[in-house]
Structures are given as C-alpha cells and as structure tokens.
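# Chain and residue survey
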Protein chains: 2
Amino acid sequence: MQFELSIVKIGGNVIGDKEQLSSFLDRFAQLMGPKILVHGGGNKATQVLKKMGIPPKMEGGRRITDRETLEVVTMVYGGLTNKTIVAQLQARRCNAIGLSGADANAIRAHKRPVKDIDYGFAGDVDEVDEKSISHLLVSGFVPVFCALTHNGEGQLLNTNADTIASEIAIAMSSKYKTTLYYCFEKKGVLLDRNDDQSVIKTINRSTYMDLREKGIISDGMLPKLENCFHALQKNVHKVCIGDISLLESEAELFTSLKLY
Amino acid sequence: MQFELSIVKIGGNVIGDKEQLSSFLDRFAQLMGPKILVHGGGNKATQVLKKMGIPPKMEGGRRITDRETLEVVTMVYGGLTNKTIVAQLQARRCNAIGLSGADANAIRAHKRPVKDIDYGFAGDVDEVDEKSISHLLVSGFVPVFCALTHNGEGQLLNTNADTIASEIAIAMSSKYKTTLYYCFEKKGVLLDRNDDQSVIKTINRSTYMDLREKGIISDGMLPKLENCFHALQKNVHKVCIGDISLLESEAELFTSLKLY
C-alpha cells in the first residue's frame, strides 16, 4: 500500500490577503495525512523593492532577477513570507518546517541560459531530493517551500512556485500516491473570465488543446496547465485547480485535470 | 555511550566579512560528527532598515524591535543571511537545513515583559524542542539557526543568538555530550582589549567575578559569559570562546570556560 501525500501550492494573491491566507491556513492545517505546502511570492517583494529604491524589472509577466533583486526575493520569500506562514501554521498545531530548495539540498536547479531575454538569477529545476523530503515527512514535519532553489555551488535561484510544486509532486510520486492542489483566487479554470461560476470541471489534453486554440485558456494559465499535465504524465495521481475551498472534502466547484 | 554534538555560534562581525565567513564555513563544514550552527544578524539588518527609511532603534546596545523592524529582521536573519549560509554550506557538501525557532517548533519563547524599556518583539526563550532537533540530526541534517523564535501563537520574536546557542546546547545535553563554541572576531576573552594576543586561557566562576570587578570584562562580554556559565551549570560538557580557528583540532589560543 502506498501512503497518500498532498502537495498544495498557494498563489501570491491569496498570500497577500490576510483574511484569505488565514482561512487557507485553517484548511491546510486540518488536511489529514502527510502534506507539503509551496507558496508563491505575492506582491510584497515588489513593495520592498520599491521601498529600497530598486525598480522592479518584469518581462512578459516574469521577474528579471538581477543580483539586488535576488537579495530582496531571498529576504521576502525565504524570510518574511515563509517564516510568517510557518509561525501561523505552528499556532494551528501543524508542525511546519520552512524550506528553500537549498535547505536539505531539497531542490537543485541551474541558472536559466540566456536566449532572447536574460532572466538573471532565475532557476530551472534539475532534481528534487525525494529522500530528504521523505525524512522530514516521516519525522512528522510539514515542509513549507518558498520559491527559491540552489545550484549546489552556493548560488540561490528564483524559481517559479508552480513548477516547484509540480516537480516536488513528481519526485514524491515514486514513493507516495500524490495529489497536487493549485489554490489561487478563482474557483478553477473559467470558461468566461468575467463569470467566476463558469468553472470548467474537467480538462484533459484534448479539451485543453481545443480551449487554447479558442483563446479561452491564455496567458498565465497556459504554463500552469502545462505543469499540471506534465505532473500527470509523470505519475502524479491527481491534479486540481481551485480556490481555498479546494481543500475541503465536500468541495464541488473546481477544475480537475485528466490526461485522457 | 553518549554521542558528541557541536553547537557553534558565529557572531555578526564574522558574517559581515565575506572572506572570514567563507573561511569559517570551510572549517565548520569539515567539523566531524553531528553539529548545529547558530548565526547572529550582522549589520545587514541595519543597512536594510536605513535603505527602507526605517530608523534603527537601539537601547543599551540592544535593538528595539517594533513591528516594522521585526519584518526587516525576519527578512534579513531568516531569509537573506540564513539561506545564503545554507547554500554555501551545501556547496561544501554539508547538508545544512536553515531554521528559525518557529520551524519544527524548535524554540518557543515569550515576548519580553515591559519594565523600564519596551524592547518590542524581543523574545526570551522558554523551551527548546530537543526531540525535533534530534530528528533532524539523526536524518543527517545540519541545523542552521537564525536568531528568531516564536511564541506558539503565531508571533515571531527577535532573540539574542548567544542565548539561542546556549539554550540549544542545554536542551541537547539531555541526549548528547555537547560542546558549545562561541566564534567571534577576537581570539578569546582578552586581558587587555588593545592586545589581541592577551587571551585569558581559562576562566572559571571565581576568576570571572574577579575580572568583572576589576572592569577587565565588561559590556557585551558580560551577558556572553553569563550564557557560558549557565550552559556549564546545566550540563553542557564544554564551552569555549575564540575566533574561527577555534574549530581546528590544533587550536591553541582561545578561552575555555570552567565552572570551578
């Protein structure tokens, strides 16, 4: 028998909203069985950059991480956001342990090669150490990952949190029956982006291609869904997308991803 | 037979000096057996406070941690400094895992009661979870603590790193034969503060009282030595103070603390 494992990714917009974060953490703390949280950055990093007089640099919705930006995201993601979430989970008697990919050598990555755009210290994941993470789970800890990895040579790297969540889910699937939850501010993938109730209940590879062609799925949702299908293809048992009610056993309205 | 455990506290001035930090981490990575690192803050927090337009507030050499200062020290200690050290230890094949006292519920504290001075979100340690830390050591991890604790109700607290080191050493002494190393920029406790070679090789309770009366030991060295004697009294096996060469087996010039 394989143990079940839940990997939950929580988006930046939920983290930035104190009340939503608190409701989310209530639900996450109550989730049964071994579990892992992955959190995005939220807009705090941009606020701190501005306060420090460092202009935020974006390119096609992605952050350009130069050296001083990396310092700030390390402070905000690895320090402020991660430790605040850990302390709040501990208050809910959930034995959280906050990690970057450097901690316990959990996630190794390489600096993204420069093609058209130089993303700076942005990391693409090479390897997740399933054994290290398993040690923590078996000891009863709940790993809480921020969106930082390392290259094994001392360099921290800013890494997409959706990708971290899917790569962790894939690596842990060699040992656990994993479910990957992407929680964000919407109830799921929407058929009409102006109607929050128009959730598409199931998307598979072929309906995905169709929705993409019609322009119904676009922009930031595309890489998110690519991550989902990649995870399913690599033996992640279940992948779903929704808002914070996704973690409730009676949740009804969310998007479930299927390969076929 | 009891296993030996080394707890090393590294001061802010060493952390602030890139070359010294690198030499220290070389030595720490090579230290045999289970080990724990505790790091102070350095002056980076003050730099970031100034850049963000927050005036650093000090009182008798101690930081007053108001709400916005706590945000900054959480970013700098728990994020930038901690993750940088962890990544650099990983590059030395030392399986570091960075922690605040909230992570793994490792160090519980309470907010210092307001007497003459309101220190704000400053924490006094109540309890170190020896079991949590042992789990990490047994799994082969090297815990790296920053100077933050939590109150178990969701509040992070800024806590003196010397005290964190001695409290961890005391708690771990129930299971391990512990040695506590305080590494800073001097070769030990000096008889003449203008002569770096005038290291007092051994200090016990009675010579300490004498040195204190004569004003040879004063200021910041007093609470450091109080921490040392407190640790010895609570079954920590060995306590020494020196510079980064303290970790070498052939180290000769340092201060060794004894009860009698």
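Residues numbered from 1 in each chain as written. Chains lettered and ligands numbered in written order. Predicted model: local features only at pLDDT ≥ 70, side-chain atom pairs only at ≥ 80, totals over all residues.

## Overview of the interface of chain A and chain B
Between chain A and chain B, the contact holds 34 residues from the first and 33 residues from the second. Breaking the side of chain A that touches chain B down by element, the ones donating at least two residues are α4 (67-91), β5 (96-99) and β9 (148-150) of chain A. Among the elements that line the side of chain A that touches chain B, the one with the most residues is α4(A), at 13 residues. Looking at the side of chain A that touches chain B, its residues break down into 14 nonpolar, 15 polar and five charged. (Contact = placed C-beta atoms within 7 Å. Helix = DSSP H or I, 4+ residues; strand = E, 2+ residues; numbered from the N terminus. Nonpolar A, V, L, I, M, F, W, Y, C, P; charged D, E, K, R; others polar.)

## Considerations on the sheet that holds strand β1 (residues 4-10) of chain A
All names here are of chain A. One open sheet accounts for eight strands, arranged β5-β8-β2-β1-β11-β13-β14-β12; its pairing is mixed. Two strands close off the open sheet at either side, each with one partner strand: β5 and β12 (202-203). Pairing analysis gives three bridges linking strand β13 (residues 238-242) to strand β14 (residues 255-257), with the strands arranged antiparallel. Bridging across to β14, I241 finds its partner in T255. Against the sheet, α4 makes contact with β2 (35-39), β5 and β8 (142-145), and its axis sits at roughly 175 degrees relative to β5, the strand it touches most. (Pairing = 2+ DSSP bridges. Axes fitted to C-alpha atoms, helices over the stretch in contact; angles between N-to-C directions.)

## Points about the sheet that holds strand β14 (residues 255-257) of chain B
All names here are of chain B. Taken together, eight strands build an open sheet; the order of strands is β5-β8-β2-β1-β11-β13-β14-β12 and the sheet is mixed. Sheet topology places β5 (96-99) and β12 (202-203) at the edges, where each strand pairs with a single neighbour. In terms of strand pairing, strand β2 (residues 35-39) meets strand β8 (residues 142-145) through two bridges, oriented parallel. Paired with V38 across the bridge in β8 is F145.

## Quick word on the relation of the copies chain A and chain B
Relating the two copies of this chain is a rotation about some axis coupled with a shift parallel to it. Expressed as a screw operation, the relation of chain A to chain B combines 0.0 Å of axial shift with a rotation of 180 degrees, fitting to an RMSD of 0.0 Å. In short, the pair behaves as if placed about a two-fold rotation axis. Among all residues of chain A, the one whose C-alpha sits closest to the rotation axis is G79(A), at a distance of 1.8 Å. A shared interface surface links the copies, since 97% of the contact residues of chain A are contact residues in chain B too. (Least-squares fit on C-alpha atoms with pLDDT ≥ 70 in both.)

## As for the confidence of the model for chain A
Across chain A, the average pLDDT comes to 94, with 100% of residues at 70 or higher. Among the prediction metrics, the complex's ipTM stands at 0.96, with pTM recorded as 0.97. (pLDDT = per-residue confidence, 0-100.)

## Some remarks on the environment of L247(A)
All names here are of chain A. When you line up the elements, L247 lands in the loop between β13 and β14. A tally of 21 C-beta atoms within 10 Å means that L247 is categorised as buried. Along the chain, L247 and P34 lie 213 residues apart, while their C-alpha atoms are 14 Å from each other. Beyond its immediate sequence surroundings of up to four residues, L247 is in contact with V8, R27, F28, L31 and Y181. (Buried ≥ 20, exposed ≤ 12 C-beta atoms within 10 Å, placed from the backbone.)

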